[in-house]
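Structural overview
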Amino acid sequence: MLSRLDVSGPRYTSYPTADRFVEAFGPDQYATALSQRASAVGGAVMPLSVYVHIPFCESVCYYCACNKVITKHHERAAEYLDALQREIDLHVSALGRGQSLSQLHFGGGSPTFLTDDELERVLGMLQSAFRFAPGGEYSIEIDPRTIDVERLKRLAAMGFNRLSFGVQDFDPHVQQAVHRVQPYDQVAGLMAAARAEGFDSINTDLIYGLPRQTLASFRRTLEQVISLRPERVALYAYAHLPQRFKPQRRIDAALLPAPTDKIGMLAMAIEVFRDAGYEYIGMDHFALPTDSLAVAKRQGLLHRNFQGYSTYPDSDLIGLGVSAIGRVGAHYSQNAKTLEEYYDALSRSEFPIVRGLTLSHDDILRRAVIMAIMCQGRVDFESIDLAYLIDFKQYFASELRQLEPLVELGLVQMESDGVRVTPLGWYFVRAIAMVFDRHLQADKTVERFSRII
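Just so we're clear, the structure is a prediction, and the values are computed from it rather than from any experiment.

Take the sheet that holds strand E18 (residues 412–415) next. Read from one edge of the open sheet, three strands run E17-E19-E18, paired in antiparallel fashion. Only two strands of the sheet have a single partner each, and these edge strands are strand E17 (378–380) and E18. If you compare each strand with its neighbour and ignore which way they point, the axes differ by 15° on average. Bridging between E17 and strand E19 (residues 418–421) involves three bridges; their strand directions are antiparallel. Within E19, the residue paired with Val379 across the bridge is Val419. Helix H12 (residues 361–376) contacts E17 and E19 of the sheet and is inclined by roughly 135° relative to E17. Relative to E17, helix H13 (residues 381–388) is tilted by about 55°, and along the sheet it contacts E17, E18 and E19.

Now the structure itself:
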């Protein structure tokens, strides 16, 4: 099964996936999408999600595939924040001031590269432009090497109510192999301080498949994470793509665990976290039963966006900062990937959009099917028929035939009223979703993606 299914494939944080974006979608098309939102009936009250990308890091982590700028020159942040202000102003001009914002996430890079005063400045820009909804999720990614207890207090005072700690692995040998050393005691102390400050939720990021990881060493990391009791855990498979990501060339591929060990790590993690009371949200996320992510899954309201699983399925996402991706209505967009291009566009008072996509009816339909698989682990024929005015079995006759080998492997159950992912199938949920990806099936060029195991 491993040899048959360990292929390259998308993570489906969107459909169509970002590699399908085209340069024909630019600033003018994005401005039109914003205008359509602003003029839509009820558009002013639909809550927004906002993602802010801070690209700077002081040192490189060898596994990283994020858009980043490695520098110890903190003064470079000033020019970047000026550009963010111009980008926010452009959105206010298009949408009006005071649209409701219910979800905010700072990612990177390392958002905590910024000083507390600089973070407060960015929040001030956003609070001037948008109306922060009471009870919203306001989160920031934390590099434990860049903060202390006093900084956590400042973050709480700013209004952040969720933290995401980048842990990856607690084993010292693994940390050295990926150039990110942060002892368990350091992270444990910071998480204890964060709880004392009253943050609503703490997430921990882990990666399996890193160099020098073994089943035994990763079990120790899992047990240490459970002792910290974060509300959420994101468990990602390391994607070794050195031809695309230069820092990964410093990783000795001979030190990477075999595919059989990787699936063993995933299986072990699912077992360990479930035994500890966590619910398996799907693919790469776990959450305590009381967390909003677990509640959303039980209610059938889970969704995936460009940050992974989300509790806000209908929110438009505004992406701010270099390389940020957004979604407005039936349109996807991405900002310039280099600071030079990003700054240049904004100096002309132009949205820094360099590519994107307007979804067709077929794209929207298939997005609904793929997200149902990824989020609920099932597709109900009747609900799709009614929502999109099709006959599912006829429209997807070819795809249903392609599922038959997965049925034989015990990954999928075909029922009279729908398709269901089995418990075993959750390990390979990307392979199941790929069957309904028309773009992928059309060209079969999947080498651009990470391995699905």
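Right, let's get into the pairing of strand E4 (residues 99–108). Among the ten residues that make up E4, ten are buried, leaving the element largely enclosed by the rest of the structure. Where strand E1 (residues 48–54) meets E4, seven bridges bridge the pair, whose relative direction is parallel. Paired with His53 across the two strands is Gly107, which belongs to E4. Note: E4 against strand E5 (residues 130–142), seven bridges, orientation parallel. Considered in E5, the bridge of Phe106 is made with Ile140. Taken together, E4, helix H4 (residues 116–129) and E5 constitute a β-α-β crossover, and its handedness is right-handed.

All right, on to the pairing of E18 then. By the bridge criterion, four bridges tie E18 to E19 in an arrangement that is antiparallel. Note on E19: the bridge partner recorded for Met414 is Val419. Count of turn residues in the E18/E19 antiparallel hairpin: two residues.

All right, on to the side chain of Arg367 then. If you trace the backbone, Arg367 turns up in helix H12. With a relative accessible area of 12%, Arg367 lands in the buried category.

In the structure shown here, the tally under the stated rule is 27 salt bridges. The partner of Asp291 in a salt bridge is Arg232, and the shortest N-O contact between them spans 2.6 Å. Of this pair, Asp291 sits in the loop between strand E10 (285–287) and helix H10 (292–298) while Arg232 sits in strand E8 (residues 232–237), and the two are 59 residues apart along the sequence. With relative accessibility at 5%, the residue Asp291 sits in the buried group. Judged by its relative accessible area of 12%, Arg232 is buried. A salt bridge links Arg366 to Glu399, with the nearest nitrogen and oxygen atoms 3.1 Å apart. Within this pair, whereas Arg366 is found in helix H12, its partner Glu399 is found in helix H15 (residues 397–402), the two being separated by 33 residues in sequence. Judged by relative accessible area, which is 6%, Arg366 ranks as buried. One network of salt bridges, in which partners are shared, links Asp116, Asp117, Glu120, Arg151 and Arg154.

Here is what the cut-offs are and how they apply
- Residues numbered from 1 in each chain as written.
- Predicted model: local features only at pLDDT ≥ 70, side-chain atom pairs only at ≥ 80, totals over all residues.
- Heavy atoms only, no water.
- Pairing = 2+ DSSP bridges.
- Helix = DSSP H or I, 4+ residues; strand = E, 2+ residues; numbered from the N terminus.
- Axes fitted to C-alpha atoms, helices over the stretch in contact; angles between N-to-C directions.
- Contact = heavy atoms within 4.5 Å.
- Buried < 20%, exposed > 50% of the residue type's maximum accessible area, 1.4 Å probe, protein only.
- Right-handed = clockwise from strand over helix to strand, strands pointing away.
- Salt bridge = Lys/Arg side-chain N within 4 Å of Asp/Glu carboxyl O.

So far we have only geometry, and geometry alone does not tell us how the molecule works.
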